[in-house]
Amino acid sequence: MQRRDFLLRSARLAGGVAGALLLPAWARADTIPVFPEYYTYAGFYPQIDPQHYQLQCGGLIAKPRNFALAELYQRSVLPEVRSFHCVTGWTVANVHWRGIRLADFLAELRPLDSARFVVFHSADGVYVDSLSLDQARAPGVILATHIAGQPLLRKGGFPLRLLVPQMYGYKSVKWVDRIDLLADRPEGTWERDGYPSNAYIKKGFSWSDLL
Ligand SMILES: Nc1nc2c(c(=O)[nH]1)N[C@H]1C(S)=C(S)[C@@H](COP(=O)(O)O)O[C@H]1N2
Ligand SMILES: [Mo]
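Everything quoted here is computed from the prediction, not taken from an experiment.

> Tell me about the site of ligand 1, residues and numbers included.
The immediate surroundings of ligand 1 are formed by 21 residues, with Glu 37, Tyr 39, Tyr 41, Arg 161 and Lys 174 found nearest. Between ligand 1 and Glu 37 there is a distance of 2.5 Å, counted from an oxygen atom to a backbone nitrogen or oxygen. Within the side chain of Asp 124, one N or O atom sits 3.0 Å away from a nitrogen atom of ligand 1. Here the shell around ligand 1 is composed, by residue class, of 12 nonpolar, five polar and four charged.

So, in structure tokens, the structure goes:
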């Protein structure tokens, strides 16, 4: 049995508050980890009304579709425990996310043969980023709805954010309200500032190498 499973099982056996206290912080479902920064490139944190929120999906797919939050929550069943790395040097270890596997979601949208990139727009009206279809289908890439068992924080991208755990945090667009499949990749917010669009986290890499 893995240490993580052992801890979770022990906690369940012990039960209640005492059990929860035995768990490391990342495993306590009611403890949302504090991120060192809640970025807002747009200069404000969108306040999204969950009743009226719609995820719009369009571009090179079988037909344009909208998803209400309840429809997304129904599909949001995949737990992902991942460390989160910002390219400016900070890391949050072992964040408990829950979300929709992007590969499954894309399959549901039925991309046309001409689609090569998946573009994510933020409800802030400014921030945008993209993945190739292969990158988007990689294991661990999710549309996250929950953190530590609770809906995302407003500042953390409520109600939907992308999570690309194998890349730096700037790929993980917050407040996603539109996903387009396209033949060409538009320039992302950070790419405009010279950061790579293939932002794989490298061991021993320093963010200052990019400056
Ligand atoms: N819409 C939007 N998404 C965003 C950002 C942003 O400013 N606006 N910042 C990015 C960066 S650089 C990082 S490191 C992560 C930070 O996630 P956090 O704000 O939840 O800490 O969000 C990413 N997604
Ligand atoms: Mo970042």
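> Run through the pattern of salt bridges, naming residues and quoting values.
Counted according to the given criterion, the structure contains seven salt bridges. Between Arg 75 and Glu 108 there is a salt bridge, and its shortest N-O distance comes to 2.6 Å. Here the residue Arg 75 occupies a position in helix 3 (residues 69–75), and Glu 108 occupies one in helix 4 (residues 102–109), the gap between them amounting to 33 residues. Among the residues examined, Arg 75 registers a relative accessible area of 23% and is labelled partly exposed. Residue Arg 82 is joined to Glu 80 by a salt bridge in which the shortest nitrogen-to-oxygen separation is 2.9 Å.

> An account of the sheet that holds strand 5 (residues 117–122) is needed here, citing residue identities and associated values.
An order of 2-1-10-5-6 is seen for the five strands of this open sheet, with the pairing classed as mixed. Looking at strand neighbours, the two that pair on one side only are strand 2 (65–68) and strand 6 (128–132), the edges of this open sheet. Within this sheet the neighbouring strands show an average axis-to-axis angle of 20 degrees, counted without direction. Alignment of strand 1 (residues 54–59) against strand 2, held across four bridges, turns out to be antiparallel. Within strand 2, the position partnered with Gln 56 by the bridge is Asn 66. Sheet contacts for helix 4: strand 1, strand 2, strand 5, strand 6 and strand 10 (176–182); angle to strand 2, the most-contacted strand, approximately 135 degrees.

> Tell me about the nonpolar core, and please be specific about residues and values.
Nonpolar side chains in soluble globular proteins generally cluster together in the buried interior. With 53 residues, the main nonpolar core has Leu 55, Trp 97 and Phe 105 as its most contacted residues. Those residues in contact with Leu 55 that lie beyond four places of it in its chain are Arg 65, Asn 66, Phe 67, Leu 72, Phe 105, Leu 160, Val 176, Asp 177, Arg 178 and Ile 179.

> Can you break down the environment of Leu 153 residue by residue, with the values?
By secondary structure assignment, the location of Leu 153 is in the loop between strand 8 (150–151) and strand 9 (161–163). Leaving out residues up to four positions away in the same chain, Leu 153 has contacts with Ile 32, Tyr 38 and Phe 158.

> Before we move on, can you summarise the environment of Val 87 with the specific residues and values?
Residue position: Val 87 is located in the loop between strand 3 (78–85) and strand 4 (91–101). Of the residues examined, Val 87 reaches a relative accessible area of 3% and is grouped as buried. Sequence separation between Val 87 and Tyr 195 is 108 residues, and the spatial gap between their C-alpha atoms is 9.5 Å.

> Give me the lowdown on the side chain of Gln 135, citing residues and values where you can.
For Gln 135, the position within the fold is in helix 5 (residues 133–136). Classification of Gln 135 as buried rests on a relative accessible area of 9%. Within the local environment of Gln 135, its side chain forms a polar contact with the side chain of Asn 198, the two groups lying 2.7 Å apart. Once you skip the residues sitting within four places of it in the chain, Gln 135 turns out to touch Val 141, Met 167, Arg 185, Asn 198 and Tyr 200.

> Give a description of the confidence of the model for the protein chain that names residues and reports values.
Scored by pLDDT, the protein chain comes out at a mean of 88, with 82% of its residues at no less than 70. For the stretch residues 10–20, pLDDT sits under 50, and the model shows five contacts to residues farther than four places along the chain or on other chains.

> Could you give an account of the packing of aromatic side chains, naming the residues involved and the relevant values?
Under the definition given, this model contains 13 aromatic pairs. Taken together, a centroid distance of 4.9 Å and an interplanar angle of 55 degrees make the contact between Phe 67 and Phe 105 tilted. With a gap of 38 residues between them, Phe 67 in strand 2 and Phe 105 in helix 4 connect regions that are remote in the sequence. Overall, Phe 67 belongs to the buried group, its relative accessible area being 0%. Centroid distance Tyr 170 to Tyr 195: 5.7 Å. Interplanar angle 70 degrees. Geometry classified as edge-to-face. Of this pair, Tyr 170 sits in the loop between strand 9 and strand 10 while Tyr 195 sits in the segment after strand 10, and the two are 25 residues apart along the sequence. Three or more aromatic residues joined by ring pairs make a cluster, and in this case those are Phe 35, Tyr 38, Tyr 39, Phe 84, Trp 90 and Trp 97.

The rules behind these values
- Residues numbered from 1 in each chain as written.
- Chains lettered and ligands numbered in written order.
- Predicted model: local features only at pLDDT ≥ 70, side-chain atom pairs only at ≥ 80, totals over all residues.
- Heavy atoms only, no water.
- Near = heavy atom within 4 Å.
- Polar contact = N/O pair within 3.5 Å; in protein donor to acceptor, adjacent residues only side chain to side chain.
- Nonpolar A, V, L, I, M, F, W, Y, C, P; charged D, E, K, R; others polar.
- Salt bridge = Lys/Arg side-chain N within 4 Å of Asp/Glu carboxyl O.
- Helix = DSSP H or I, 4+ residues; strand = E, 2+ residues; numbered from the N terminus.
- Buried < 20%, exposed > 50% of the residue type's maximum accessible area, 1.4 Å probe, protein only.
- Pairing = 2+ DSSP bridges.
- Axes fitted to C-alpha atoms, helices over the stretch in contact; angles between N-to-C directions.
- Contact = heavy atoms within 4.5 Å.
- Core = buried A, V, L, I, M, F, W, Y, C linked by side-chain atoms within 4.5 Å.
- pLDDT = per-residue confidence, 0-100.
- Phe/Tyr/Trp six-rings, centres within 6.5 Å; stacked < 30°, edge-to-face > 60°.

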